[in-house]
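Chain by chain, the residues run as shown.
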Amino acid sequence: MDHVMEGESPSSPAVGNGAGAGGGTPAPPHRIRRGGTVVAALLAFAAVSCASAYGSAGSGAPSREPSPGSGASVAADPSSTRISTPHLPEPTGSQPVGTTSLYFRDTSRVDPWAPGAKARELMVSLWYPARSRSGKRAPYMTAKESELILKGEGIPGLPYDALSRTRTNAFVDAAPAGREHTLPLVVLSPGFTEPRSSLTALAEELASRGYVVAGIDHTYESLATTFPDGRVATCVACKADKSQEFWNKVGRSRAVDVSFVIEELTGANPKWKGASLIAPSRIAMAGQSAGGASTIAAMLKDTRIRAGIDMDGTTFAPIPDTGLSRPFLFLGTQAMHSPGGKDTTWDRDWAHLTGWRRWLVVTGAEHASFTDTALLVEQLGIYRNPGLSGERAVEITRSYARAFFDLHLRHRPQPLMDKPSKRYPEVRLCDTEQKTCA
């Protein structure tokens, strides 16, 4: 088999391999330079996930340029900002949050990145409303996963288990709460090379508001995926030539992963004890970077997905002329994803979104602002974005994703989706005809 497990050489899936156009092993766009300026460091880990590979002039060809914010990237002052235990902000909903990890095995297909494997193996984290705040708080990731991520990026000055120390707000295997067939399900797909844990703050927020959330590790695309038996799969896909066909393959593969996970949670033989709480008619999806691009691919494949969000992901193959009529939200960086801007794939796809649609950009945001990464690297004293703090970025992402899902899965009016908000002046509603955002 050509897949890599811990114990074999994991050096090839270094983060930078996930971002280049063409072959070879290009370095990440920003690395720490010893004795010099810190430029994005771990933030680059999310940026080069390129998830969606920023295309030039809408060509879809990946480049290595991360989405910039409104100001220059600067080092945080470790002496004044670094903390030993980073933490995620508490959810704003009233319900306690439980979480559990599930192992799924799809024997119906060959793994797209490891064709010698006997099945497609997936790890999924579920977050859900719980009956009480009791028990052990969930780990953010394992120490080994943190080590592989930090080693892959070549970041000095941090203990290798730094990310695994992150304090979360969910309780492991807490008893789920809710009435049968009433809880909406939201599937989350992370950026290329990123673990499912990178969207934990958003997942906890939605769970505290009565959603079941399923975060998927897309095996061999993530830098580190740990299975129940202790095996750790690394990023085989990082070694591939990053052609347009490669990114199309990422979208197709993730779409199948998502459909399989939905079936495992809502089908005739669900694999979670709380599955009966899920309302099968109220399913949606969101993703960041490659995960955002894959949201469109998954919606085109699976009509059970009623609404979707692309968070700063350059999209893959075009939407067919028949269009996509279900609700969709583009939420991205102003610098990269404004209408008529550097990435024109959103302009291309906008014309084929025939249902409810919105296009929002966030002033000062960077590519990783829609994940936990911006917040964590700020707390660890590695990097800060002067255009938008990590805490504010999490608040904005949570608020707009929650409003979108409440509108389309619960049919509750959401003024936040219709006009600019005084509470969130950083968020601008785009007019594609005028090519402006205000």
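Calculation criteria
Residues numbered from 1 in each chain as written. Predicted model: local features only at pLDDT ≥ 70, side-chain atom pairs only at ≥ 80, totals over all residues. Heavy atoms only, no water. Helix = DSSP H or I, 4+ residues; strand = E, 2+ residues; numbered from the N terminus. Contact = heavy atoms within 4.5 Å. Buried < 20%, exposed > 50% of the residue type's maximum accessible area, 1.4 Å probe, protein only. Salt bridge = Lys/Arg side-chain N within 4 Å of Asp/Glu carboxyl O. pLDDT = per-residue confidence, 0-100. Axes fitted to C-alpha atoms, helices over the stretch in contact; angles between N-to-C directions. Left-handed = near helix turned anticlockwise from the far one by under 90°. Nonpolar A, V, L, I, M, F, W, Y, C, P; charged D, E, K, R; others polar.

Draft legend 1. Representation of the environment of glycine 355 in the model. You can see glycine 355 is positioned in the loop between helix H8 (345–350) and strand E12 (357–362). In this structure the C-alpha to C-alpha distance between glycine 355 and leucine 324, which are 31 residues apart in sequence, comes to 7.0 Å. Residues contacting glycine 355, with those up to four places away along its chain left out, are Leu324 and Ser325.

Draft legend 2. Structural detail: unusual backbone geometry. For threonine 193, which is not glycine, the phi dihedral falls at a positive 80°. Mapping threonine 193 onto the fold places it in the loop between strand E5 (183–189) and helix H4 (200–208). Classification of threonine 193 as buried rests on a relative accessible area of 0%. Here the phi dihedral of tyrosine 220 falls at roughly 70°; this positive angle occurs in a residue that is not glycine. With respect to the helices, strands and loops of the structure, tyrosine 220 is situated in the loop between strand E6 (212–217) and strand E7 (225–226).

Draft legend 3. The pattern of salt bridges, seen in detail. Per the stated rule, a full pass over the model turns up 25 salt bridges. Here arginine 120 ties to aspartate 257 by a salt bridge, and the two come within 2.8 Å at their closest N and O atoms. Of the two residues, arginine 120 is situated in strand E3 (residues 120–129) and aspartate 257 in helix H5 (residues 244–266); the sequence distance between them amounts to 137 residues. Using a relative accessible area of 0% as the deciding quantity, one classes arginine 120 as buried. The partner of glutamate 395 in a salt bridge is arginine 392, with the nearest N and O atoms 3.2 Å apart. Highlighted residues: glutamate 395 and arginine 392, both in helix H10 (residues 390–409), separated by three residues, approximately one helical turn. Among the residues examined, glutamate 395 registers a relative accessible area of 28% and is labelled partly exposed. Accessibility expressed as a relative area gives 18% for arginine 392, which makes it buried. Salt bridges sharing partners connect three or more residues here, namely Asp106, Arg109, Asp111, Arg120 and Asp257.

Draft legend 4. Inspection of the confidence of the model for the protein chain at higher detail. Mean pLDDT over the protein chain stands at 85; residues scoring 70 or higher make up 81%. Below pLDDT 50 for its whole length, residues 6–42 participates in 90 contacts with residues either more than four positions away or in separate chains. Residue range residues 44–74 is modelled with pLDDT below 50. Its contacts to residues more than four positions away, or to other chains, number 120 contacts.

Draft legend 5. Examining the packing of H5 against helix H6 (residues 290–301) more closely. Where H5 meets H6, the axes come as close as 8 Å, and the angle between the chain directions of the two elements is 65°. The chirality of how H5 crosses H6 is right-handed. Facing Val250, Gly251, Arg254, Ala255, Val256, Val258 and Ser259 of H5, the residues of H6 in contact are Ala290, Gly291, Ser294, Ala297, Ala298 and Lys301. When grouped by side-chain class, the residues that make up the contact of H5 with H6 number seven nonpolar, four polar and two charged.

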